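Commentary on secondary and tertiary structure
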Amino acid sequence: MTLFGPILVDTPESLLFSRALNLRSVFDFATMRSGPVGTTTHGAIGFVSSSVRKDDNWPDIQITHVSLGIISGLTEFYEHLFNVKSEIYKKYIQDENENVRSEVDANILGISLQRPKGRGYVKLASRDPFVPPLIQPNYLSHPDDVRALVEGMKIALDIFENTTVYRRINARLIKPFPGCEETIFKSDAYYECFLRQITTTYRITY
């Protein structure tokens, strides 16, 4: 899964802890298990079929809408989950005056590949059974997997930038990710560059 965004918005349409954590929200959660404190921030989940699979009855892309704004500690979260150095992500979320954004309304899109074609391998590293095996997942090694994820990113962004409800709140993709500036912003090459920086495995257990 790649966490695509942030998508900046001009209205309070996301979870910001500075706004959500107060006596009323804590009381609502403690007494009724409701309110912003109890949210998962997952607003919606959708499934689409990319041109790679061409099967509308068996989608290969999952799009997850995450209504989490740019919060304090977000850079450390990305460093822990994606191994993206906090200095790099701080540069990414800077505003026009090079100030690091914090407590700013935004949304994030989780783009997940459901039916990858790439194949990795697990091999013995030694005859010693206590030596960990060699694991090579080969993520994004198949060009069709990259193409499908890029299509998913474009579909998701189209919903934010070209629908009435999101145009009303001026939803827009934040500036290019550091290291991808040499590609044309919002081109297929840019999306591929982005997802190769911020992609990880992801599993939800219910």
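All values reported here derive from a predicted model rather than from experimental measurement. (Residues numbered from 1 in each chain as written. Predicted model: local features only at pLDDT ≥ 70, side-chain atom pairs only at ≥ 80, totals over all residues. Heavy atoms only, no water.)

1. Some thoughts on the packing of helix α5 (residues 143–161) against helix α7 (residues 188–197)
Quick note on the threshold: Between N-to-C directions, angles cover 0 to 180 degrees, with each direction set by a line fitted to C-alpha atoms, over the stretch in contact for helices. Only DSSP runs of H or I with at least four residues qualify as helices, and only runs of E with at least two residues qualify as strands; both kinds are numbered from the N terminus onward. Between 65 and 115 degrees an angle is taken as roughly perpendicular, under 35 as roughly parallel, over 145 as roughly antiparallel, and anywhere else as oblique. The contact definition used throughout considers only heavy atoms, calling two residues in contact when any of these lie within 4.5 Å. Classification convention: Asp, Glu, Lys, Arg as charged; Ala, Val, Leu, Ile, Met, Phe, Trp, Tyr, Cys, Pro as nonpolar; all other residues, Gly among them, as polar.
At a minimum axis separation of 9 Å, α5 and α7 run at an interaxial angle of 105 degrees. Classed by the angle they form, the pair α5 and α7 counts as roughly perpendicular. On the side of α5, the interface is formed by V146, L149, V150, M153, K154 and L157, while α7 contributes D188, Y191, E192, F194, L195 and R196. In terms of residue class, the contact of α5 with α7 is built from 8 nonpolar, no polar and 4 charged.

2. Some words on the sheet that holds strand β7 (residues 172–173)
Put simply, the test is: A pair of strands is treated as paired once DSSP finds two or more bridges between them.
Sheet architecture is open: 5 strands sit in the order β2-β3-β4-β1-β7, paired in antiparallel fashion. The open sheet is flanked by β2 (42–48) and β7, the only strands paired with a single partner. Bridge count between strand β1 (residues 2–8) and strand β4 (residues 106–113): 5 bridges; the pairing is antiparallel. Note that in β4 the partner of I7 across the bridge is N107. Each of β1, β2, β3 (61–66), β4 and β7 touches α5; the most contacted strand, β4, lies at about 150 degrees to it.

3. Details of the confidence of the model for the chain
As a reminder of what qualifies: Confidence of the predictor at the level of single residues is captured by pLDDT, which takes values from 0 to 100.
Mean pLDDT over the chain works out to 88, with 98% of the residues at or above the 70 mark. When pLDDT is averaged over each helix and strand of the chain, the minimum, 80, is found for helix α1 (residues 17–20) and the maximum, 96, for strand β5 (residues 121–123).

4. Describing the side chain of S86
Defined as follows: Think of it in three bands: with a 1.4 Å probe and only protein chains considered, a residue is buried below 20% of the maximum accessible area for its type, exposed above 50%, and partly exposed in between.
Turning to its location among the elements, S86 is positioned in helix α4 (residues 86–92). Residue S86 is classed as buried on the basis of its relative accessible area of 9%.

5. Observations regarding the state of the cysteines
Put simply, the test is: The criterion for a disulfide is a pair of cysteine sulfur atoms lying within 2.5 Å.
Enumeration according to the criterion identifies 1 disulfide in this entry. With a sulfur-sulfur separation of 2.0 Å, C180 is cross-linked through a disulfide to C193. The sign of the -85 degrees torsion about the S-S bond sets the C180-C193 disulfide as left-handed. One end of the pair, C180, is in the loop between β7 and α7; the other, C193, is in helix α7, and 13 residues separate them in sequence. Given the relative accessible area of 1%, C180 is considered buried.

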